Amino acid sequence: NNNNDRIIPLSESAPPPSRSFSVTAPTELQRSVQRQFEQQQEQKKSLNEREGGGDIPWWQFYYQMYHYHPPTGRKPTVFGPYLLLHTLGEGEFGKVKLGIHIESSQEVAIKLIKKDHIDSSSRMIKVEREISVLRV
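Going by an unreviewed UniProt entry, the chain carries the name Protein kinase domain-containing protein and comes from Circinella minor.

Structure below.
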């Protein structure tokens, strides 16, 4: 134990640093996203009112908004928190679909890869490389 060491009682310690927060005005991008979200909410509300006030399934709003016409009798395809709509493209390993986040209405592209299409280590390396590029 070093003689220079000493325990400082709480009463002698310095007060905790003050916390200050800076509030800035929203950026143009943030305002644009907020406006888009509000417009989508208004579209949902007006569509709901036109269709009889809640008699249509929740996914029907997105089907109409994106002009998506699935085959008759097909149930909505939900993948995690996303509703999958039409195919945007197809590649060597699978399809890319338009996905809509169910709660936020954010549009995303979702690549669906069938496991049986990855039948060799070289194809697996290609998939891993693509994943690493897309994460950047």
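## A few points about the sheet that holds strand 4 (residues 107-113)
Pairing within the open sheet is antiparallel, and its four strands lie in the order 1-2-3-4. Every other strand in the sheet has two partners, leaving strand 1 (77-79) and strand 4 as the edge strands with one partner each. Adjacent strand axes in the sheet meet at a mean angle of 50 degrees when their direction is disregarded. Judged from the three bridges that link them, strand 1 and strand 2 (residues 82-90) form a sheet pairing that is antiparallel. Of the residues in strand 2, the one forming a bridge with threonine 77 is leucine 84.

## With respect to the pattern of salt bridges
One pass over the structure, following the stated rule, counts five salt bridges. Where arginine 123 meets aspartate 119, a salt bridge forms, and the shortest distance between an N and an O atom there is 3.6 Å. The exposed category is assigned to aspartate 119, whose relative accessible area is 60%. Within this structure, Glu92, Asp119, Arg123 and Lys126 form a network of salt bridges that share partners.

Basis of the calculations
- Residues numbered from 1 in each chain as written.
- Predicted model: local features only at pLDDT ≥ 70, side-chain atom pairs only at ≥ 80, totals over all residues.
- Heavy atoms only, no water.
- Pairing = 2+ DSSP bridges.
- Helix = DSSP H or I, 4+ residues; strand = E, 2+ residues; numbered from the N terminus.
- Axes fitted to C-alpha atoms, helices over the stretch in contact; angles between N-to-C directions.
- Salt bridge = Lys/Arg side-chain N within 4 Å of Asp/Glu carboxyl O.
- Buried < 20%, exposed > 50% of the residue type's maximum accessible area, 1.4 Å probe, protein only.

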